[in-house]
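# Report on the structure
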Amino acid sequence: MTVSQPLPLIAVLNGPNLNMLGLRQPEVYGRSTLDDVEALCAETADRLGLAIDFRQTNGEGELVSWVQECRGKCAGIVINPAGYTTTSIALLDALLACEVPAIEVHITNIHRREEFRHKSFVSKAAVGVICGLGIRGYALALQALAEMIEEGA
Ligand code: DHK
């Protein structure tokens, strides 16, 4: 008898205004929509043998609560904190408290943009940061987490 193991669960969490992807400053963020990002994550997770829980919120408190929920439940987090990257110590604290490896993703290269976007509070709690590679950054983050889980890191 073979007992099948549940697939490792990865939370893919998106912060404020990412629901506007595709419409929002397409010259900066590109034309892909959040549905396109979700489809890319779902297909990448499928290929890698991961399960995903994909969410977006405009609320800081909700994002903090979702990160807390990951504790003991998720094998990894992919997070694009968007505008809360540079402001939210609460989000940093939640990521530190949840003890789940998190990869921070930004669609744009925040270091080529306005100076106020350069400093991330979230990075202090992230195992890695991917920025400037468009929505493929999400797929690369899932790939990295799959490898880390496989290595037992
Ligand atoms: C998305 C946002 O909404 C901005 O607030 C960040 C990030 C950059 C992104 O590139 O995905 O500064």
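Residues numbered from 1 in each chain as written. Predicted model: local features only at pLDDT ≥ 70, side-chain atom pairs only at ≥ 80, totals over all residues. Heavy atoms only, no water.

This part is about the side chain of threonine 108. Its location among the elements puts threonine 108 in the loop between strand 4 (102-106) and strand 5 (128-131). Judged by relative accessible area, which is 7%, threonine 108 ranks as buried. One polar contact links threonine 108 to arginine 113, side chain to side chain, over a distance of 3.0 Å. (Helix = DSSP H or I, 4+ residues; strand = E, 2+ residues; numbered from the N terminus. Buried < 20%, exposed > 50% of the residue type's maximum accessible area, 1.4 Å probe, protein only. Polar contact = N/O pair within 3.5 Å; in protein donor to acceptor, adjacent residues only side chain to side chain.)

Next up on the list: the pairing of strand 4. Of all five residues in strand 4, five are buried, a share of seventy percent or more. Burial along strand 4 is two-sided: Ala102, Glu104 and His106 facing one way and Ile103 and Val105 facing the other are all buried. Alignment of strand 3 (residues 76-80) against strand 4, held across three bridges, turns out to be parallel. Paired with isoleucine 77 across the bridge in strand 4 is alanine 102. (Pairing = 2+ DSSP bridges.)

This next bit is on helix 3 (residues 60-70). Inspection of helix 3 places Leu63, Val64, Trp66, Val67 and Cys70 among the buried residues, and these make up the whole buried set. In an axial view of helix 3, the angular spread of the buried residues amounts to 160 degrees, which keeps them on one side of the axis. On its buried face, helix 3 is in contact with strand 1 (9-14), strand 2 (51-56), strand 3 and helix 4 (89-98). Backbone geometry just downstream of helix 3 places glycine 72 in the positive-phi region, at approximately 75 degrees. (Arc of directions from axis to C-beta. Contact = heavy atoms within 4.5 Å.)

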